[in-house]
Amino acid sequence: MTTATAENPNQTENWQPLCTRDDLVAQSGIAACLETPAGLVQLAIFYLPGQTPELYALDHHDPFSGANVIARGIVGDVAGEPVVASPIYKQHFRLRDGQCLEDEDMQLRTWRVVLDGARVMLRH
Amino acid sequence: MKTTDDTPQDLIIIGNGMVGHHLVEQLVERGAHRHQRIRVFGEERHLAYDRVHLSEYFKGRDAADLALSTADYYAAHDIALHLDEAVTTIDRDARELITPQGRYAYDHLVLATGSYPFVPPIPGSEREGCLVYRTLDDLDAIREAAGRANTGVVVGGGLLGLEAANALRELELDTAVVEFAPRLMPMQVDSEGGELLREKIEALGVQVLTDRATQHIEAGETSRHRMVFQDDKLLETDLIVFSAGIRPRDQLARDAGLEIGERGGVVIDDHCLSSDPAILAVGEVALWRGSIFGLVAPGYQMAKAAADTLCGGELSFQGADLSTKLKLLGVDVGAIGDAHGDRSPGARQFRYCDQLKQEYRKLVVSSDGRKLLGAMLVGDNASYDSLMQYYANGLELPEDPASLILPSVEGAPTLGPDALPETASICSCHNVTKGTICEAIDAGCDDLGAVKDATQASTGCGGCAALLKSVVDSELEARGVEVDQSICEHFAHTRQELYSIVRVEGIKTFSELIDRHGQGLGCDICKPAVASILASCFNEPITDAAHVPLQDTNDTFMANMQKNGTYSVVPRVPGGEITPDKLIVLGRVGEKYGLYTKITGGQRIDLFGARLEDLPNIWGELLEAGFETGHAYAKSLRTVKSCVGSTWCRYGVQDSVGMAIHLENRYKGLRSPHKLKFAVSGCTRECAEAQSKDVGVIATEHGWNLYVCGNGGMRPRHAELFATDLDDDTLIRYIDRFLMFYVRTADRLQRTSVWRENLEGGLDYLKAVVIDDSLGLGDELEHQMQTVIDNYECEWADALSEPDKLKRFRSFVNDERPDPDIIVTEERGQLRPA
Ligand code: SRM
Ligand SMILES: Cc1cc2nc3c(=O)[nH]c(=O)nc-3n(C[C@H](O)[C@H](O)[C@H](O)COP(=O)(O)OP(=O)(O)OC[C@H]3O[C@@H](n4cnc5c(N)ncnc54)[C@H](O)[C@@H]3O)c2cc1C
Ligand code: SF4
Ligand code: FES
């Protein structure tokens, strides 16, 4: 068990396994999808080993270009705050809450995601 | 105007527009709100807003965005704000104001009532759908009416009229401008300039009718209104906006018996006092020495003088310059001083007109040619700032004043910020001189933001932003303050410094570099820059785990991302030479994966629309057929174009194709500060366009001529002749050294052309380094190049051999399906994004 979270992924039913740690790319993102009653949601999962938290999940859909590409952006920080830069028009989104730094009206949704052993678990 | 006793006085300001609000700020700055009870009346429902940028309301800025202040600001300074409450009467005997809500006593009164749009007394102008353009409410009315209209007409082709026309155009109405005078903007431009302006505006789809006096407006047949002109011509339209000039809102003052100008306006003196010393006037309602100023900067200066007067000071209003620089409907127009040249006896003129580029520039100079009296610019305002400085500060003109308006040829005199005197006005909105800026810097402001905060420069119309920055930069530099050149917040180093650190310390990963010399996680600026440096030095595969998170998306996926998230595939075709077999393979792959196929400008073939998950398979097939990656995604060597050369062409003197292939294979995969393009031509006819490339090679009877530092793109630059009649080996040696010297010393994303222009010592220096080995670096540069060449490996071949590197080439980590949002349609027999 590597998580230090209050929630226990094994006991709450709305935790869902996404993939394993090996599928992740350190310091970068991969895309995943999630069936919901409202349709398919595309997620961008970022893995920052050694940081707290070390996993983030945001919308994969880039509101500026309309393409599903956020997971392919470069991860970094702006004044210490972890962000991802959209690979198309380069806007920055805060990993913590999805807020776009260039446009206060734009915010990506975020989900909680944790490592449970080698499994990557998503709460939805 | 200070009173002797201590009882607080009542100060009332009528009008909460731009100038009225500026007056409040000026009073607060002087602490007046602590001794006087200040009350402000505004007829509009909105708190003072930025009327200058009113049109942005149609581009999505709302009233709150445009507001110049907040109710909290007024409350915090104990200023009573009565919005939506128009003053109807001034009772000077009782020193009281009357509004529908009550009576208010005053000791001092300021009129800041601005002006109203003049609607010519044409029968029918009162019809519904005949509107004006002055307030937020006016814009709401226009927007609302436009929703029910297809066509719109603006009456008046002046500055505001054209702005209104643009707004109608953006509201998707078929728009026309009707001007009474024979040309547009008669105040600012002459007939030649007006003609150009008309052409430019008509090109945008706005109909321009000049010399038209509207006689009356009646109900239309096909549209809501019909305008009837003096020559009985007709124009039908659904909506009419009048923009035929402004008139001062002086009715209150007239009724109160204050002195009013012949053509309106409250007469004021240099202290903004009206004929009743208890009453002042500022802004567009005020008439000073026979002039009304319809611009915000003079209004602000009046507000400053008035605030000073009200606080017992001596500051006076000394008139203001009406020079303007605008971008109307995307067209630059500038007018400085006596732009028409009709106010200065004996003045001489210079005129430059380019009807192809649609640029017109005119200078009005004193009879001895020493001083600039005025200038007019249409189509290009690039020289406005410099000209304005010559004009405003009476600077001596250069020997040949025409050089100031001729198209920029190298060596044209430019006026640098150091050439300006201390008294030079930098920001006319807030009346900030270069001297004030220097004082602010001396008082501790050490960057642009701090100077802005301290002086307010560039916080009005914003027109002075570029000039302010250059003055601040040059002053900071002159004081030995280092203007921060750090690459980003994570490294306090330039790219060049990082390059040396990496080389000297042998650092091979980003994490090691940031641990030792930086801070934080890095970002989308420093990561790709460092990735490029590491690759230039060691050329390890960019998809290795340590490097892959640093790459721009295109490098990560070794393909160029398109706007819908798919990718393009560009295999290398060295020198543009390709066998029929390989062409067939490209065709097959394109067909199999549904790719749009196009010949590029770089003599190769681009396959567009590849889905992420298809990229590995596509490349598997291409590699098998003998293709390699073309690095179309990378800041590295792109293509080496060639012409057919001596093998086929009757004029060719050398084998240009052979040389092009040799060069392309030698330098492929060299990562550099920006992309690199080469070309090789077989003779002086130059069919490969080598003189527009970073490296251009042209065959001669005796060998090769080498050209360097050219490019096409946004700012084309011809390459310069670097060395002549070289044999193959010398040619390659020079190119090795040239490229590595560029890689070592250029800024990030700086092409060879810009690098060369910034290189101290210029081409001669570059020749000395490369040809004469003046720095003794020759061997080292060649050796570094050899390392890169020895470590070359096709990135796609490498990635396909290591399955771990392909795990991101899936639309979803937890699902096999492709991204369902990528939708294509067919056009001209091929697929393209829907
Ligand atoms: C495909 C192509 C257009 C075509 O259909 O012909 C093309 C396409 C792109 N060009 Fe180009 N350029 C192409 C030839 C050119 C040329 C002509 C040439 O090379 O002879 C030029 C002017 C010459 C020059 O560069 O000096 C050119 C000047 C640019 C520039 C401006 C560079 C500059 O210094 O001003 C950019 C922007 C940049 O690089 O920052 C650019 C950027 C781009 C990008 C990468 C834009 C982007 O970031 O998405 C385009 C990506 C296409 C893709 O996804 O594959 N492209 N581009 C050409 C590919 C050539 C090749 O085989 O590799
Ligand atoms: C679309 C547009 C674009 C412009 N672009 C530029 C530009 O690029 N550069 C530039 O320098 N200038 C520009 N101007 C002009 C600039 O906006 C004016 O010079 C400036 O607003 C004048 O300020 P003011 O306070 O004198 O008048 P206003 O801003 O008009 O304010 C006067 C206020 O007084 C109120 N008022 C009037 N009578 C009464 C009363 N009896 N009781 C209570 N309140 C009253 C009015 O309702 C109004 O709100 C532009 C104007 C417009 C309309
Ligand atoms: S010219 Fe512009 S639009 Fe055309 S390919 Fe080049 S970058 Fe893209
Ligand atoms: S000139 Fe208008 S902000 Fe400086």
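Predicted model, so just to flag it, every value in this text is computed and none were measured.

So, on to the overall build of chain A. On a plain count of helices and strands, chain A comes out with zero helices and nine strands. Listing the helices and strands of chain A from first to last along the sequence gives β-β-β-β-β-β-β-β-β. Relative to its full complement of 124 residues, chain A shows a buried share of 53%. Excluding contacts between residues fewer than 6 apart, the proportion of contacts in chain A whose partners are at least 24 apart in sequence is 43%.

A few words now on empty space enclosed by the protein. A full pass over the atoms with the stated rule returns seven cavities of 30 Å³ or more. Volume-wise, the largest cavity comes out at about 130 Å³. Taken together, 17 residues form the lining of the largest cavity, with Ala31 of chain A together with Leu612, Arg808, Arg810 and Ser811 of chain B sitting closest to its centre. When residues of the lining of the largest cavity are assigned to their parent elements, the largest contribution, three residues, is made by strand β2 (residues 28–36) of chain A. Roughly 100 Å³ of volume is contained in the second largest cavity. Along its surface, the second largest cavity is lined by 13 residues, and Asn539, Glu540, Pro541, Glu793 and Glu795 of chain B are the ones closest to its centre. Taken together, the residues of the lining of the second largest cavity break down into four nonpolar, four polar and five charged. Split by domain, the residues of the lining of the second largest cavity number at least three in each of domain 4 (495–551) and domain 5 (557–791) of chain B.

Each side of the interface is counted separately: chain B has 35 residues, and chain A has 38 residues. Summed over both sides, the interface of chain B with chain A buries roughly 2700 Å², with 53% coming from carbon and sulfur. Per-residue buried area on chain B facing chain A is highest for Leu521, Arg808 and Val813 of chain B; these three make up 23% of the total on that side. At the junction of chain B and chain A, the tally comes to three salt bridges. Here Arg810 of chain B makes a salt bridge to Asp23 of chain A, at a shortest N to O gap of 3.5 Å. Where chain B touches chain A, the interface holds 20 residue pairs in polar contact (both at pLDDT 80 or more).

All names here are of chain A. Inspection of every chain in the model, using the stated rule, returns 17 aromatic pairs over all chains. Ring centres 6.1 Å apart and planes at 45 degrees place the aromatic pair Phe64 and Phe93 in the tilted group. Taken together, the residues span a long stretch of sequence, with Phe64 in the loop between β4 (55–59) and β5 (74–78) and Phe93 in strand β7 (residues 92–94) at a distance of 29 residues. Phe64 sits in the partly exposed class, given a relative accessible area of 27%.

With that settled, the discussion passes to the site of ligand 1. Residue and element names in this part refer to chain B. Lining the immediate surroundings of ligand 1 are 20 residues, of which Gln562, Thr600, Gly601, Lys675 and Gly712 lie closest. In this structure, an oxygen atom belonging to ligand 1 sits 2.6 Å away from a main-chain N or O atom of Gly712. When atoms are counted within 2 Å of each cavity's grid points, the one that captures over half of ligand 1 is the second largest pocket. In terms of residue class, the shell around ligand 1 is made up of two nonpolar, eleven polar and seven charged.

Before going further, it helps to spend a moment on the UniProt feature "binding site: siroheme" (unreviewed entry) in chain B. Residue and element names in this part refer to chain B. The residues that UniProt annotates with the feature "binding site: siroheme" (unreviewed entry) are Cys687. Among the secondary structure elements, Cys687 is positioned in the loop between β33 (676–681) and β34 (695–700). Filtering out sequence-adjacent residues up to four positions away, Cys687 remains in contact with Cys643 and Ser681.

Residues and elements named next belong to chain B. Near ligand 2, the surroundings consist of 28 residues, among which Glu44, Arg51, Arg134, Glu284 and Val296 are the closest. Separating an oxygen atom of ligand 2 from a side-chain N or O atom of Glu44 is a distance of 2.6 Å. Burial of ligand 2 by the protein chains amounts to 93% of its free accessible area of 990 Å². Within the residue set of the shell around ligand 2, elements represented by two or more residues are α1 (18–29) and α5 (159–170). Looking at the shell around ligand 2, the element that brings in the most residues is α1, giving three residues. Residue classes in the shell around ligand 2 are distributed as 13 nonpolar, eight polar and seven charged. Both domains that meet at the shell around ligand 2, namely domain 1 (9–114 + 249–311) and domain 2 (117–247), each give it at least three residues.

A few words on the confidence of the model for chain A. Per-residue confidence for chain A averages 88 on the pLDDT scale, and 90% of its residues sit at or above 70. Segment residues 1–7 of chain A: pLDDT under 50, and 15 contacts once partners within four positions in sequence are set aside and those in other chains are kept.

Moving on, we come to the layout of surface pockets. Regions of empty space are outlined by a rolling probe, equal in size to a water molecule, passed over the atoms. Residue and element names in this part refer to chain B. Estimates place the volume of the second largest pocket at around 940 Å³. Considering the residues around the second largest pocket, the lining is formed by 38 residues, among which Ala632, Tyr633, Ala634, Lys635 and Arg638 are closest to the centre. Mapped onto the lining of the second largest pocket, the elements with two or more residues apiece are α15 (526–538), α16 (553–556), β28 (560–561), β30 (596–599), β31 (605–610) and β32 (637–642). Sort the elements by how many residues they give to the lining of the second largest pocket and α15 lands first, with four residues.

Another aspect to go through is the pattern of salt bridges. Residues and elements named next belong to chain B. Evaluation of the coordinates by the stated rule reveals 61 salt bridges over all chains. Across the pair Glu505 and Arg516 runs a salt bridge whose closest N-O atoms are separated by 2.7 Å. Highlighted residues: Glu505 in helix α13 (residues 495–505) and Arg516 in helix α14 (residues 510–517), separated in sequence by eleven residues. Residue Glu505 is classed as partly exposed on the basis of its relative accessible area, which comes to 34%. The class for Arg516 is partly exposed, based on a relative accessible area of 47%. The shortest N-O distance in the salt bridge between Asp544 and Lys805 comes to 2.6 Å. Placement of Asp544 in the loop between α15 and α16 and of Lys805 in the loop between α24 (795–801) and β37 (824–827) is noted, with a sequence separation of 261 residues between them. Residue Lys805 is classed as buried on the basis of its relative accessible area of 13%.

Residue and element names in this part refer to chain B. Spatial ordering of the open sheet is given by β32-β33-β34-β35-β36, a layout of five strands whose pairing is mixed. Lying at the two open borders of the sheet, with one neighbouring strand each, are β32 and β36 (720–726). Across the sheet, the mean angle separating the axes of adjacent strands is 15 degrees when strand polarity is ignored. Sheet topology places strand β35 (residues 703–708) next to β36; four bridges connect them, and they run antiparallel. The partner of Trp704 across the bridge, within β36, is Leu726. Helix-sheet contacts for helix α19 (residues 656–667) involve β32, β33, β34 and β35, and the interaxial angle to β32 is about 175 degrees.

For chain B, mean pLDDT is 91; residues scoring 70 or higher make up 98% of the total. Taken over the whole predicted complex, pTM reads 0.55, whereas the ipTM for its chain interfaces reads 0.69.

As a further point, take a negative patch on the surface. Judged by side-chain charge, Glu104 and Asp105 of chain A together with Asp62 and Asp65 of chain B come together as a negatively charged surface patch. Mapped onto the fold, Asp105 of chain A is located in the loop between β7 and β8 (110–116).

The next subject is the side chain of Lys668 of chain B. All names here are of chain B. With respect to the secondary-structure elements, Lys668 resides in the loop between α19 and β33. Within the structure, Lys668 has its side chain in polar contact with the side chain of Glu628 (distance 2.8 Å). Those residues within four positions of Lys668 in sequence are excluded, and the remaining contacts are Arg572, Glu628, His631, Leu637 and Tyr792.

In this section: the nonpolar core. Residue and element names in this part refer to chain B. Formed by 62 residues in total, the largest nonpolar core has its most connected members in Leu663, Phe678, Leu706, Ile735, Leu739 and Leu766. When residues of this core are assigned to their parent elements, the largest contribution, ten residues, is made by helix α20 (residues 728–745). Residue-level mapping places this core at the junction of two domains, with at least three residues from each of domain 4 (495–551) and domain 5 (557–791). Leu706 has contacts with Val695, Gly696, Val697, Glu720, Leu721, Phe722, Ala723, Leu726, Leu731, Tyr734 and Ile735, leaving out every residue within four places of it along the chain. Counting 49 residues, the second largest nonpolar core, distinct from the first, contains Leu23, Ile90, Tyr104 and Val266.

Our next topic: unusual backbone geometry. The phi angle of most residues is negative, glycine excepted, and most peptide bonds adopt the trans form. Cis geometry marks the peptide bond from Thr52 of chain A to Pro53 of chain A, where omega comes out at -10 degrees. For Pro53 of chain A, the location among the structural elements is in the loop between β3 (39–47) and β4. If you check the backbone angles, Met185 of chain B has positive phi at about 40 degrees while not being a glycine. Here Met185 of chain B shows up in the loop between β11 (174–178) and α6 (191–203).

What counts and how
- Residues numbered from 1 in each chain as written.
- Chains lettered and ligands numbered in written order.
- Predicted model: local features only at pLDDT ≥ 70, side-chain atom pairs only at ≥ 80, totals over all residues.
- Heavy atoms only, no water.
- Helix = DSSP H or I, 4+ residues; strand = E, 2+ residues; numbered from the N terminus.
- Buried < 20%, exposed > 50% of the residue type's maximum accessible area, 1.4 Å probe, protein only.
- Contact = heavy atoms within 4.5 Å.
- 1 Å grid on protein atoms, 1.4 Å probe; cavity = no way out; pocket = protein on both sides within 12 Å on 5 of 7 lines; lining within 4 Å.
- Points joined across faces, edges and corners; volume = space filled by probe spheres on them.
- Nonpolar A, V, L, I, M, F, W, Y, C, P; charged D, E, K, R; others polar.
- Domains from an automatic or database assignment.
- Buried area = accessible area lost by both parts, 1.4 Å probe.
- Salt bridge = Lys/Arg side-chain N within 4 Å of Asp/Glu carboxyl O.
- Polar contact = N/O pair within 3.5 Å; in protein donor to acceptor, adjacent residues only side chain to side chain.
- Phe/Tyr/Trp six-rings, centres within 6.5 Å; stacked < 30°, edge-to-face > 60°.
- Near = heavy atom within 4 Å.
- Sits in = over half its atoms within 2 Å of the grid points.
- UniProt positions renumbered as here; feature names shortened; annotations may be inferred.
- Areas by Shrake-Rupley, 256 points an atom, 1.4 Å probe, with all protein chains shown as cover.
- pLDDT = per-residue confidence, 0-100.
- Pairing = 2+ DSSP bridges.
- Axes fitted to C-alpha atoms, helices over the stretch in contact; angles between N-to-C directions.
- Patch = residues over 30% accessible without salt bridge, like charges linked within 9 Å, V, L, I, M, F, W, Y side chains within 5 Å.
- Lys, Arg positive; Asp, Glu negative; His and termini not counted.
- Charge placed at Lys NZ, Arg CZ, Asp CG, Glu CD.
- Core = buried A, V, L, I, M, F, W, Y, C linked by side-chain atoms within 4.5 Å.

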